[in-house]
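Remarks on the overall topology
Spelled out from the first residue to the last, the chains are:
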Amino acid sequence: MRWRLLIPYILFFTILQVLLLSGCTLSKNDSTVIAELMQRYHDIGQFNGAVLVSHNGEVILEKAYGEANREWSIKNTVDTKFRLGSATKQFTAGLVLDLVEEKKLALDGCISDYLPEFRKDIGRIVTIHQLLTHSSGITMPALTSEEYWDFFQKEKTTQELVDDLCSEDLAFTPGEKFSYSSAGYILLGAVIERVTGQPFEQVLRERILEPYDMSGTGIDYPETIIEKRASGYQTNYGFGNARYKYMPSSFSSGAAYSTVEDLYKWDQVLHSTSFLGEESIALMFTPKMECPPDWYGYGWFIKQVPGPGGSTQTRVFHGGDVSGFCALIIRVLETRDCVVLLSNQEGLHYNEIVANILDALNGREPDLPLEYVADLLRESIYTSGLESALQRYSEMKSRGMDNYDADEAEITELGYDLLRINKINEAIEVFKINVELNKQSVDVYDSLGEGYLTAKQYEAALFNYQKALEVDPEYNHAAKMLLQVKEAIRNK
């Protein structure tokens, strides 16, 4: 490794050691550790967007990284607008609770109370509470990838969204369990429109965005000129523009855009009673449905974690991933800490980034961000080909794999992405690397077996499915596939 490549590591740990040895705690004037952490994530290609971090209710870091539009080399700024995807749901939940306070809605009211035309066998038994907590049993239809993209490239009315996405048979008895459902939040948007007599966008604007000066937030209409709206980029199939999606069709489930500044304003609103009363705020952040390892309230995931000095912290959060964008807002209720990450690049490891930021906020040493093996292989395969990728992997091994994150799931995802676009040899080589790096996992042999089966290399497929069963004799999928491969060999 050339000496200049060591500079980010040396600088990061030097600053970190000084702060830790001096016993400093982070404040609005001392955010150096987090700033260097985020710079490192950007330098290794794992963050492109904007971040805001507040500690004890005061902003200590607000910064943008990378480009909002790569074709025109336009930089991201702290007021760049990014798609929120499913993080939109927190606004929908807030609007529902606001209408409950006005007695226009009831949490124990059923869908049919507000949408009498909705199918009555479901509408009469599913409640607003169950829609809010993803426990309704209402699920989206099973769409192929192409059906999904075909649907979401077109403008839809609210009624069309309800008819096409929310009218499947129940997947389970309402209230029985948690099962994340965007369809449920689309129905909530339809209910909001019905009881207010206004479009969802107007309700959002009049009740939240205008009163709290959130002018950088709205519904992402592609035909509207939206100042400082970022372009989205995908990374799964080589770096490039994300596929087009007509965002308003995600409606109250995922159609909003925002800025880090506006989401911080929203954080502050929820620390007050200016929008919702104390009882409604408590309802929003009270765990209601278990979704291991977390819980879900109304529009927010909830996690109880150990805090400094034996304390307990309540972290509430919601993320979103949509067509070239990633978003996450996480709030610590007891300390009024808040982290907002908005990115116009898919594949953001935002849970890892936020965990590191929160460690720094709590006086713990954050982990040094590592480059992901899967990211480096993907880049080489798509820019220079398979041989270049294998050479790059050889260089990684000579440097030492402890310097990289060999996350099994990430490598597996890359392999299947390659299979989907018929890069079968590339997929097999990626799966082989996963086996080498994660020998004790049953899944890596199963994936490699599938790669060889796709290539009709039946003996190699047989060997790997057998290896999977050696690791876990109870692994039913490998046993089933083993029979299929043996049948294929007999029929050759």
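Our subject is the structure listed above.
Presented here is an overview of the structure given in this document. These figures come from a predicted structure and were not determined experimentally. Counting restarts for each chain: residues are numbered from 1 in the order of the written sequence. Confidence filtering applies because this is a predicted model: local features only for residues at pLDDT of at least 70, side-chain atom pairs given and counted only at 80 or more, and all residues used for totals across whole chains, interfaces and linings. The side-chain numbers reported here are obtained from all heavy atoms of the structure, hydrogens and water having been left aside.

1. Notes on the pairing of strand β2 (residues 58-65)
Remember that side chains alternate between the two faces of the sheet whenever the strand is regular. The criterion for strand pairing is that DSSP finds at least two bridges linking the strands in question. In this text, helices come from DSSP runs of H or I with a minimum length of four residues, and strands from runs of E with a minimum of two, each type numbered from the N-terminal end. Bridge count for strand β1 (residues 49-55) against β2 is seven bridges, and the pairing is antiparallel. Counted as the bridge partner of His55 is Glu58 from β2. Between the end of β1 and the start of β2, which pair antiparallel, lie two residues, with Asn56 showing a positive phi angle near 55 degrees.

2. Digging into the side chain of Gln130
On the secondary structure map, Gln130 appears in helix α6 (residues 128-132). Three labels apply to residues, based on accessible area from a 1.4 Å probe with only protein chains included: buried if under 20% of the type maximum, exposed if over 50%, partly exposed otherwise in between. You can call Gln130 buried: its relative accessible area is 12%. The contact definition used throughout considers only heavy atoms, calling two residues in contact when any of these lie within 4.5 Å. If we skip the residues at most four places from it in the chain, Gln130 touches Ile125, Ser135, Ser136, Pro174 and Gly175.

3. Regarding the sheet that holds strand β5 (residues 82-83)
Taking strand neighbours across the sheet as the criterion, the three strands line up as β5-β9-β6 in an open arrangement whose pairing is antiparallel. One side of each edge strand has no neighbouring strand; the edge strands of this open sheet are β5 and β6 (218-219).

4. Overview of the sheet that holds β2
Here we have eight strands laid out as an open sheet, ordered β2-β1-β15-β14-β13-β12-β11-β10, and antiparallel in their pairing. Of all the strands in the sheet, the pair left with one neighbour each is β2 and β10 (289-291). Sheet twist, expressed as the average angle between the axes of neighbouring strands with direction ignored, equals 20 degrees. Across three bridges, β10 lies against strand β11 (residues 294-296) in antiparallel orientation. Note that in β11 the partner of Glu290 across the bridge is Trp295. Those strands touched by helix α12 (residues 260-269) are β1, β2, β14 (325-332) and β15 (337-343), and its axis lies near 30 degrees from that of β1. Only the stretch in contact is used when fitting a helix axis, every axis being a line fitted to C-alpha atoms; angles between N-to-C directions are given from 0 to 180 degrees.

5. Side note on the environment of Thr144
Among the structural elements, Thr144 can be located in the loop between α6 and α7 (145-151). Sequence separation between Thr144 and Leu165 is 21 residues, and the spatial gap between their C-alpha atoms is 14 Å.

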